[in-house]
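# Structure at a glance
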Amino acid sequence: MSGCSKRCKLGFVKFAQTIFKLITGTLSKDKIEDELEMTMVCHRPEGLEQLEAQTNFTKRELQVLYRGFKNECPSGVVNEETFKQIYAQFFPHGDASMYAHYLFHAFDTTQTGSVKFEDFVTALSILLRGTVHEKLRWTFNLYDINKDGYINKEEMMDIVKAIYDMMGKYTYPVLREDTPRQHVDVFFQKMDKNKDGIVTLDEFLESCQEDDNIMRSLQLFQNVM
């Protein structure tokens, strides 16, 4: 690995840790500026006005996020391998590789094999400050692994199992081997309104918003972003 690549990977890990604190509520919105300003360099970001219109961040917040992103990862993009290494640091007791794989592809909306700042900040805006409807649509897209517009049991099982694998053996209470399947069966029983074996976006939105238990479960999963 070249020196530039190593700096990009290690630097983005540090940047991601700051963002992770913000997502999990352990870092205030004001504090993020203090942490990022420490490593800020002068950049002239382009298109921030458009991003400001498309996201729930102010221009100032976008400038800080952009500068931190570019300062810590000069190439301006993050590939899947680096993304997985970042996620592994947050979940040392489990295997985060599969969940990171699915999450990376949810961030990589253009399917280019890399996450650009625009991809990153757009998703971050939804996860941090989006409406319930926006967050649910994003979650649906995460679960819809093959991007065919539907969620089947196999896709949901893959995601749920990846989440349990990521949480690791120290999950409390200790999970039985059949717990992921039971979780998926309960979800599908409530979401698959017409019992055709797939869940559409409309079914997903309706089911989630009318069931507090599902909303709590989904919120738990969103906390691992």
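Residues numbered from 1 in each chain as written. Predicted model: local features only at pLDDT ≥ 70, side-chain atom pairs only at ≥ 80, totals over all residues. Heavy atoms only, no water.

## A word on the UniProt feature "domain: EF-hand" (unreviewed entry) in the protein
Stated precisely, the cut-off is as follows: UniProt positions are given in the numbering used here, feature names are shortened, and annotations may be inferred rather than shown by experiment. The helix and strand labels rest on DSSP assignments: H or I over at least four residues marks a helix, E over at least two residues marks a strand, and numbering proceeds from the N terminus.
UniProt annotation of "domain: EF-hand" (unreviewed entry) refers to residues 95–130, 131–166 and 179–214 when read in the numbering used here. Secondary structure content for residues 95–130 is 67% helix and 8% strand, while the C-alpha to C-alpha distance between its ends is 29 Å. Along residues 131–166 one finds 72% helix and 8% strand; the C-alpha atoms at either end are 27 Å apart.

## As for the packing of aromatic side chains
Selection criterion: Two rings from Phe, Tyr or Trp (for Trp, the six-membered ring) form a pair when their centres are within 6.5 Å of each other. A pair whose planes differ by under 30 degrees is stacked, one over 60 is edge-to-face, and the rest are tilted. Per-residue accessibility, obtained with a 1.4 Å probe over protein chains only, is compared with the maximum for each type, and a residue is labelled buried under 20%, exposed over 50%, and partly exposed between these values.
Using the criterion set out here, one finds six aromatic pairs in the structure. Centre to centre, the rings of Tyr66 and Phe117 are 5.2 Å apart; their planes meet at 85°, and the pair counts as edge-to-face. Remark: Phe117 occurs in helix H7 (residues 117–129) and Tyr66 occurs in helix H4 (residues 59–72); sequence separation between them is 51 residues. An identical accessibility class is assigned to Tyr66 and Phe117; each is buried. Taken together, a centroid distance of 6.3 Å and an interplanar angle of 70° make the contact between Tyr143 and Phe204 edge-to-face.

## Structural notes on the nonpolar core
Convention followed: As used in this record, nonpolar core signifies buried Ala, Val, Leu, Ile, Met, Phe, Trp, Tyr and Cys residues forming a set joined through side-chain atoms within 4.5 Å. For the domains described, the bounds stem from an automatic or database domain assignment.
One finds Tyr87, Phe107, Phe117, Leu142 and Met156 to be the most contacted residues of the largest nonpolar core, which totals 51 residues. The element best represented in this core is helix H9 (residues 153–167), accounting for eight residues. For this core, the domains that each give at least three residues are domain 1 (3–32 + 43–91 + 112–129) and domain 2 (133–224).

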